[in-house]
Amino acid sequence: MKERFLSLIFMASSWGLVHAEPQIIFEELCSNPEKNLSQSQYNRVEKGDVNKDGIEDIVIISYPNDSSKIEDKDEGFLIDKNQPTLVIYFGTEGKSFKKFKEYPNAIAPVGYGHMCYLSLTEKGVIRFQFDEYDYKDADPHGDNVFLYRFQNGDFYRIGESHSWWDKWSGEGNASSINYLTGKKNETTHNGFDQGQKRTSNKWTTIEEKPISLSETVQM
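A.B. asks: I keep staring at the sheet that holds strand β2 (residues 44-48) and nothing clicks. Help me out?
C.D. replies: Strand pairing in a sheet relies on backbone hydrogen bonds. The paired strands run either parallel or antiparallel. Strand order in this open sheet of five strands is β1-β7-β6-β3-β2, and the pairing throughout is antiparallel. Edge positions in the sheet fall to β1 (29-30) and β2, since each has one partner strand and no second. Strand direction decides the pairing type here: strand β6 (residues 85-91) and strand β7 (residues 97-103), joined by six bridges, are antiparallel. Each bridged residue has a counterpart across the sheet, and for L86 the counterpart in β7 is Y103.

This is the structure in structure tokens:
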């Protein structure tokens, strides 16, 4: 976690060298969807079979590197307001990639440290994780995770989880939602206890339906 924090300081030292970039264009069909990515350290690329057709696909989170949208607040701590784009390519039998869809508003800007960590599960579910920590604080004290699966012609949120704890007392809470079962779990715990022993545990039924990536705004 310290490395992530130090990378922000590195950005501060090199901020003045960054120039505005033209809009990144993702081709409809190409052999290498990554080739036009900016030099942003926040770019994320994961490969796997997300549409379950037996062919490798590519999921990309592309962060522009426009210095006019990066604010130097104070003491070298930056607020990056560049709006990232999520783009998903499906692999073809001809070893090229066909753009399935771009999602220009699904991922929130980095701001101060709100970085997205992208991964794919063994079942091809896309996992987005955002760690939370205080301004100018290198130690995370929570995270937010969102899971999306390909179904009905788009990627839908099938689950999410949120956790938070106080870095001084250790007191915290967590929640998780499974949209496939319609169940929500809420717990409280003390993070200083071994195994984060739960002090309360509550299950409820929810009526919310899973939303698609097309409907998602700045998770």
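A.B. asks: I'm lost on the environment of Y148 in this one. Help?
C.D. replies: By secondary structure assignment, the location of Y148 is in strand β10 (residues 142-151). A residue is classified by how much of its surface remains accessible, and Y148, at 0% relative accessible area, is buried. If we ignore the near neighbours within four places in the chain, the residues touching Y148 are V125, I126, F128, F155, Y156, R157, I211, S212, L213, T216 and M219. Among the polar contacts made by the side chain of Y148, one reaches the side chain of R157 at a distance of 2.8 Å.

Cut-offs and rules
- Counting restarts for each chain: residues are numbered from 1 in the order of the written sequence.
- Given that the model is predicted, a residue must reach a pLDDT of at least 70 before its local features are reported, and side-chain atom pairs must reach 80 or more before they are shown or counted; all residues, however, enter totals for whole chains, interfaces and linings.
- To obtain the side-chain values, all non-hydrogen atoms of the structure were used and water was disregarded.
- Strands are labelled as partners when DSSP assigns at least two bridges between them.
- Labels follow the DSSP assignment, with helices taken as runs of H or I lasting at least four residues and strands as runs of E lasting at least two, numbered in each case from the N terminus.
- The buried label goes to any residue with under 20% of its type's maximum accessible area, the exposed label to any with over 50%, and the partly exposed label to all in between, with areas taken from a 1.4 Å probe on protein chains only.
- We call two residues contacting when some pair of their heavy atoms lies within 4.5 Å.
- What qualifies as a polar contact is a pair of N or O atoms within 3.5 Å, subject to a donor-acceptor requirement within protein and to the restriction that residues adjacent in sequence count only when both atoms come from side chains.

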